[in-house]
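# Structural description and commentary
Chain by chain, the residues run as shown.
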Amino acid sequence: MSALLWLLIPFIVGVAASGWAWVTARRTPSPPDHDTWEDLDRYDRLRTVLSTGEHCRAT
């Protein structure tokens, strides 16, 4: 009977860990980001701004 009690300890730890993971998980995950064209336009604008010599300089 004492050998079965040693198997009970990992079982309880596993149940506690799965419960903790379930409680801390995000309930409403955001939808995946499929707006790659907007990201590409943002990257192009940022690259254009940084390539010009008109960006801010620290004095």
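Residues numbered from 1 in each chain as written. Predicted model: local features only at pLDDT ≥ 70, side-chain atom pairs only at ≥ 80, totals over all residues. Heavy atoms only, no water.

Together, L5, L8, F11, I12 and V15 give the surface a local cluster of nonpolar side chains, amounting to about 480 Å² of exposed area. If you trace the backbone, L8 turns up in helix α1 (residues 2–24). Its relative accessible area of 40% is what places L8 among the partly exposed residues. (Patch = residues over 30% accessible without salt bridge, like charges linked within 9 Å, V, L, I, M, F, W, Y side chains within 5 Å. Areas by Shrake-Rupley, 256 points an atom, 1.4 Å probe, with all protein chains shown as cover. Salt bridge = Lys/Arg side-chain N within 4 Å of Asp/Glu carboxyl O. Helix = DSSP H or I, 4+ residues; strand = E, 2+ residues; numbered from the N terminus. Buried < 20%, exposed > 50% of the residue type's maximum accessible area, 1.4 Å probe, protein only.)

Before going further, it helps to spend a moment on the pattern of salt bridges. Counted by the stated rule, this structure contains three salt bridges. Across the salt bridge formed by R42 and E38, the nearest N and O atoms sit 3.0 Å from each other. Here E38 and R42 lie together in helix α2 (residues 36–51), a separation of four residues that amounts to about one turn. In this structure, R47 engages D44 in a salt bridge whose closest nitrogen and oxygen atoms are separated by 4.0 Å. Separated by three residues within a single helix, R47 and D44 lie in helix α2, roughly one turn from each other. For D44, a relative accessible area of 30% puts it in the partly exposed group. Members of the salt-bridge network, linked through shared partners, are E38, D39 and R42.

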